[in-house]
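# Structural overview
Here is how the chains run, residue by residue.
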Amino acid sequence: MMEDEKHMQVVAVAASEKPAPAMPHATTVAEFGVVDAPVCSAPYRSAASHLSACCHGGAKMAFLAYSLGKREINQYFSIKNAKLLSVAAVILLTLFHTVSRYYGGGDTCEWLLSSGRYLGETVWQPYGCMMHKYKNTEAKSCLAEKRVAFVGDSRIQQLFYSYIQIIDPAQRADGRKHENILFEDRSASVNVDFLWYAEVNNSLKERLISWTKDPSIKPDVVIIGAATWSIKLHGGSSEALQQYRANLTAISLPLEQLAEDGEVYWVLQDPVHEEGLSDNRKMITNEQLELYNKVVLSTLNSNKKNSKARVRFLGASRQAAMETITQSADGLHLPESTRNVAAMVLMNAVCNKVLRPIDGSCCQALPAPSLLQKLTACVFLGSALVFLVLHALGHNRSWKSRPTPPNVESGEEKKPATAASPLNHKAPFQALCKMGLIMVYFYLCDRANVFMKEQKFYTHSTFFIPLIYMFVLGIFYSENSKETKLLNREQTDEWKGWMQLVILIYHISGASVFIPVYMHVRVLVAAYLFQTGYGHFSFFWLKGDFGLYRVCQVLFRLNFLVVVLCLVMDRPYQFYYFVPLVTFWFVVIYATMAMWPQILQKKANGSGMWHVGILVKLLGLLLFICFFAYSQGLFENIFSVWPISKLFELNGSIHEWWFRWKLDRFAIIHGMLFAFVYLVLQKCQGLSEEKGEPLFSTRISNILLLISVFSFMTYSFPTHSMFHLFQTYSFPTHSMFHLFQTYSIWASSCKNKTECNELHPYISGLQILAFILIRNIPGYSRSLYSSFFAWFGKISLELFICQYHIWLAADTKGILVLIPGNPSLNIIISTFIFVCVAHEISVITNDLAQVAIPKDGGALLRRLLAAGVFTLGLLLVSRSVEGNQGGGH
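Residues numbered from 1 in each chain as written. Predicted model: local features only at pLDDT ≥ 70, side-chain atom pairs only at ≥ 80, totals over all residues. Heavy atoms only, no water.

### Thoughts on the overall build of the chain
Applied cut-off: Secondary structure elements are taken from DSSP: a helix is a run of H or I of four residues or more, a strand is a run of E of two residues or more, and numbering for both begins at the N terminus. Each residue gets one of three labels from its accessible area relative to the maximum for its type: buried under 20%, exposed over 50%, partly exposed in between, using a 1.4 Å probe on protein chains only. Any two residues whose heavy atoms approach within 4.5 Å at even a single point are treated as in contact.
The secondary structure content of the chain amounts to 35 helices and 13 strands. Out of the 889 residues in the chain, the part that is buried amounts to 50%. Summarising the internal contacts of the chain: among those between residues at least 6 apart in sequence, 77% fall at separations of at least 24.

Rendered as structure tokens:
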């Protein structure tokens, strides 16, 4: 991109040096390189020619102004300056959030209970943290052997019903009023009781005192609240309010005693819809309710000495009710959706610290670092000390130029234009220091209680509007390609770039809930794997380099970041599923091509039988894939063996790996087969890849383009017929016309993800093939590419992995909040930092790969042995820690 800009600048300067033609009454604008644009008032021009010349000159001026503008922007806003800005932003934001939490209150439980907002109509978003949606099995696990007591009036009774419906969704209000209601789930020994106490009085005080004296009947959790009956029975008098204060003072001590080794939540009074109240409730006004709430807040927790024995206040339902109370049936009781919000808030307050759900960041204490996390921190600190010592000793020679990193996902390589001088002793430790600082940011974002997190909420606009902006930017940065071959480096970078940006928008908008978008993103993941098969097959077929050096280079570049994150973020390898998937398929491709007989293009040129041989290899790979695809038990048994299981298990199960592997199992072989056909046609001169020329003859190009476009526009038979067909046959063998389905229409008509995922492996390759043909058949299309997308494509792997923790949050379940209260600005700032970090990690990985993977065979074997021993040690330590934890439970 920068070279193209320099070329345009040279053209502009050369144009400005051309002499102006002798033309009477004409003015030139030589400083912009426009030398023949006449002033619009030239008298001897006709109106038409005058307008044409003016427009032509204006267009040239606009283009050159745009070029000069880009030059000025790039002069002051380079990637280096962008990274410096991102570092400054991270420091300032970290200080801001740390100070805010220290002085403004950083208790996420208080955030959960006190405030929030609606996302849409029914999804509640607490301030600054994420609320987990509990299932009945989780609720039973959390409340097992516990007793929960709801104490109060009819409003508390409704909250009680919403709460027990989380435990048992079949529960419904039975119409009982003004009496105690008991609920028990014997399977989990969960007891939830509702005790009718309409007023705060001596009777309630005696009940609370009895609980403090007899531990056998004391509830573990108390949810209490009452006020409306006091207002109703006494007409909202000031005397009643003073009596309420006195009675509340009398019960404050037993409530605090219950809170010492239990949990007590006082439910603040929710607003009422005054116009909807019956005549005998007209005295219950929002003004009165606010007075009673103020009394509660000023009376309870008055004992400052015992800070642990605190009664917590539930005010979130009150805030939610302000937006929904007009939907109340009687003006007093909350709508069901609001009651459900309050019940889920309470469940999070009670259970998050017990079950620690990853998407329930409210009410969770900071977890203690694991042993592996501590060891990793020591490694980074040790690297920093070594770097400082070397720096102090004067080892300041720096590396002058870095080679262009190979495209490890697609297997393409490009030699650097200039040779790089070798790294000095200080450089790898400097790279590790940078990586350590970056990992500190990762840890602060997604493991420490420094930055806020919010849950995702999908709307069509949150996905499609950024998508439109993105593609407009991509088109705006279209430039002439240096190569015109099919799937050249610039084009594959562009392809990976726009796919990665779509996936990022998909993740942050929560678009997985919308099946058509979900299925199209599945095609993009398949396209990445298609490029892996295409690129690595092409490399082995053309170069025949099966050496250990290149294999280790590819594996290092693919896995370095993920391995570090596994250690720092305490996550299993399979959690970052895409890297295990690409790594596995790279090993499969390598084994397929390297096994005897090694068939290369040079050998195949001598005899056509070798082409049959490579097809036999691909057929064998296909049979291998089909065998495992229909042998789930064998597949899981193989990958469940230790230590292989450590690479592929997630939450103690191999199921996630099985699902990911099976979903795109044919994408690799599609890419390999396409590469073989393309390279054979290229060798036979069956393609025309010159600039501006169609890929095939005009007739064939038109036919293939028509079929490709048709595959996006129509489909040949309905979804249920397709589903029946693919249930009958292991893979489609019918006519090609039946193969070209409309993925978009089919995805839109899919009933559920399970059905869609069953068909996806068979038809995703057709969508990919159609895209490649549309993108490459026209000569003008091959000669253009988007430098905007290509730039992101070069760091697509880092973008995909980094998003887990520093753009999204809670391991992709939520969104990182750096700028609270301004979602748009937050996305801009967090995206800017995220992209800069991803780019720097790409550079660091490239630097360390040269040190970690030497070209000398003996040195490489020794390092592999050391790495193997180190990895085995980590696995043994991890196994020991897991065993101790299991024994502790």
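Moving on from the coordinates now.
### Here's the deal with the packing of helix H17 (residues 515-543) against helix H19 (residues 578-594)
What counts, and what does not: Comment: axis = line fitted to C-alpha atoms, over the contacting stretch for helices; angle = value between 0 and 180 degrees taken between N-to-C directions. Orientation labels follow simple angle bins: below 35 degrees gives roughly parallel, above 145 gives roughly antiparallel, 65 to 115 gives roughly perpendicular, and whatever is left gives oblique. In this scheme the crossing of two helices becomes right-handed for a clockwise turn of the near helix relative to the far one and left-handed for an anticlockwise turn of less than a right angle. Classes in brief: Ala, Val, Leu, Ile, Met, Phe, Trp, Tyr, Cys and Pro nonpolar; Asp, Glu, Lys and Arg charged; the others, Gly included, polar.
One can describe the packing of H17 onto H19 by two numbers: an axis separation of 10 Å at closest approach and a directional angle of 30 degrees. Classified by the angle between their axes, H17 and H19 sit roughly parallel to one another. H19 is crossed by H17, and the crossing has right-handed handedness. Together, Val525, Tyr528, Leu529, Thr532, Gly533, His536, Phe537, Phe540 and Trp541 of H17 and Phe578, Leu581, Val582, Trp585, Phe586, Ile589, Tyr590 and Met593 of H19 make up the contact between the two elements. For the contact of H17 with H19, a count of residues per class yields 14 nonpolar, 3 polar and no charged.

### Focus on the packing of aromatic side chains
To keep it simple, the criterion reads: Side-chain rings of Phe, Tyr and Trp (the six-membered ring for Trp) are treated as a pair once their centres are within 6.5 Å; stacked means planes under 30 degrees apart, edge-to-face means over 60, and tilted covers the remaining angles. By the criterion adopted, a ring carries a charge over it if an Arg CZ or a Lys NZ lies within 6 Å of its centre and within 35 degrees of its normal.
Inspection of every chain in the model, using the stated rule, returns 58 aromatic pairs. The aromatic ring of Phe539 is capped on one face by Arg550, whose charged end is 3.6 Å from the ring centroid. In this structure, Lys603 packs its charged tip against the face of Trp610, placed 4.9 Å from the ring centre.

### Re a nonpolar patch on the surface
Note the cut-off: Put simply, a patch holds well-exposed residues, over 30% relative accessible area, that have no salt bridge, with like charges counted together within 9 Å and Val, Leu, Ile, Met, Phe, Trp or Tyr side chains within 5 Å. In these tables, accessible area is a Shrake-Rupley quantity obtained with a 1.4 Å probe, and a residue counts as shielded only by the protein chains included in the view. Here, a salt bridge means any side-chain nitrogen of Lys or Arg that lies within 4 Å of a carboxyl oxygen of Asp or Glu.
A cluster of nonpolar residues, Ile465, Ile468, Tyr469 and Val472, forms a patch on the protein surface that exposes about 430 Å² of accessible area. Along the polypeptide, Ile465 turns up in helix H15 (residues 460-476). Exposure remark for Ile465: the relative accessible area of 41% places this residue in the partly exposed category.

### Quick notes on empty space enclosed by the protein
Applied cut-off: Note on definitions: the grid is 1 Å and covers protein atoms alone; a cavity is a set of points where a 1.4 Å probe fits but cannot get out; a pocket is an open set with protein on both sides within 12 Å along at least five of seven lines; lining residues have an atom within 4 Å of a point. Grid points are joined across faces, edges and corners, and a volume is the space filled by probe spheres set on the points.
Within this structure, the stated rule accounts for 8 cavities of 30 Å³ or more. Estimated volume of the largest cavity: approximately 140 Å³. Arg155, Leu159, Val267, Asp270 and Leu334 are, among the 14 residues lining the largest cavity, the residues nearest its centre. Contributing elements (two or more residues each) for the lining of the largest cavity: helix H6 (154-167) and helix H12 (336-355).

### With respect to the state of the cysteines
Definition in use: In what follows, a disulfide is any cysteine sulfur pair within 2.5 Å.
Applying the stated criterion across every chain, the model contains 3 disulfides. Put simply, Cys109 and Cys363 are joined by a disulfide, and their sulfur atoms are 1.8 Å apart. Looking along the S-S bond of the Cys109-Cys363 disulfide, the torsion reads about 100 degrees, which is the right-handed sense. Here Cys109, found in helix H4 (residues 108-114), pairs with Cys363, found in the loop between H12 and helix H13 (371-392); they are 254 residues apart in sequence, far enough to count as distant. On the accessibility criterion, Cys363 (7% relative accessible area) is buried. The disulfide partner of Cys129 is Cys362, and the gap between their sulfur atoms is 1.9 Å. One quick way to see it: the torsion about the S-S bond of Cys129 and Cys362 is about 95 degrees, and its sign makes the bridge right-handed.

### Comments concerning the nonpolar core
Applicable threshold: Here, the term nonpolar core denotes a set of buried Ala, Val, Leu, Ile, Met, Phe, Trp, Tyr and Cys residues that are joined through side-chain atoms within 4.5 Å.
Met439, Tyr441, Phe442 and Trp661 are the most contacted members of the largest nonpolar core, which has 146 residues in total. Leaving out residues up to four positions away in the same chain, Phe442 has contacts with Arg447, Leu565, Met569, Cys802, His805, Ile806, Val837 and Ile841. Residues Val345, Leu346, Met347 and Met452 belong to the second largest nonpolar core, which totals 51 residues.

### What to know about the pairing of strand E5 (residues 190-196)
Going by this rule: In short, DSSP must find at least two bridges between two strands for them to pair.
Across the 7 residues of E5, 7 count as buried, placing the element largely inside the fold. Residue alternation in E5 divides its side chains into two sets, Val190, Val192, Phe194 and Trp196 and Asn191, Asp193 and Leu195, and both sets are buried. One ladder, built from 6 bridges, connects strand E3 (residues 147-152) with E5; its direction is parallel. Its bridge partner lying in E5, Ala149 is registered against Asp193. Judged from the 5 bridges that link them, strand E4 (residues 181-185) and E5 form a sheet pairing that is antiparallel. Paired with Glu184 across the two strands is Asn191, which belongs to E5. Once E4 ends, the chain turns through 4 residues before running back antiparallel as E5, passing Ser189 with a positive phi of about 55 degrees.

### Quick look at the confidence of the model for the chain
The condition is simple: pLDDT gives the predictor's per-residue confidence on a scale running from 0 to 100.
Residues with a pLDDT of 70 or more make up 82% of the chain, whose mean pLDDT is 84. Segment residues 414-420 is flagged for pLDDT under 50; beyond a separation of four residues in sequence, or across chains, it makes 10 contacts in the model. Under a pLDDT of 50 for its full length, residues 714-741 has, in the predicted model, 44 contacts with residues more than four places off or in other chains.

### Overview of the environment of Gly692
Within the secondary structure, Gly692 sits in the loop between helix H25 (667-683) and helix H26 (698-713). Taking the C-alpha atoms as reference points, Gly692 and Thr484, separated by 208 residues in sequence, lie 8.4 Å from one another. Those residues in contact with Gly692 that lie beyond four places of it in its chain are Gly779 and Tyr780.

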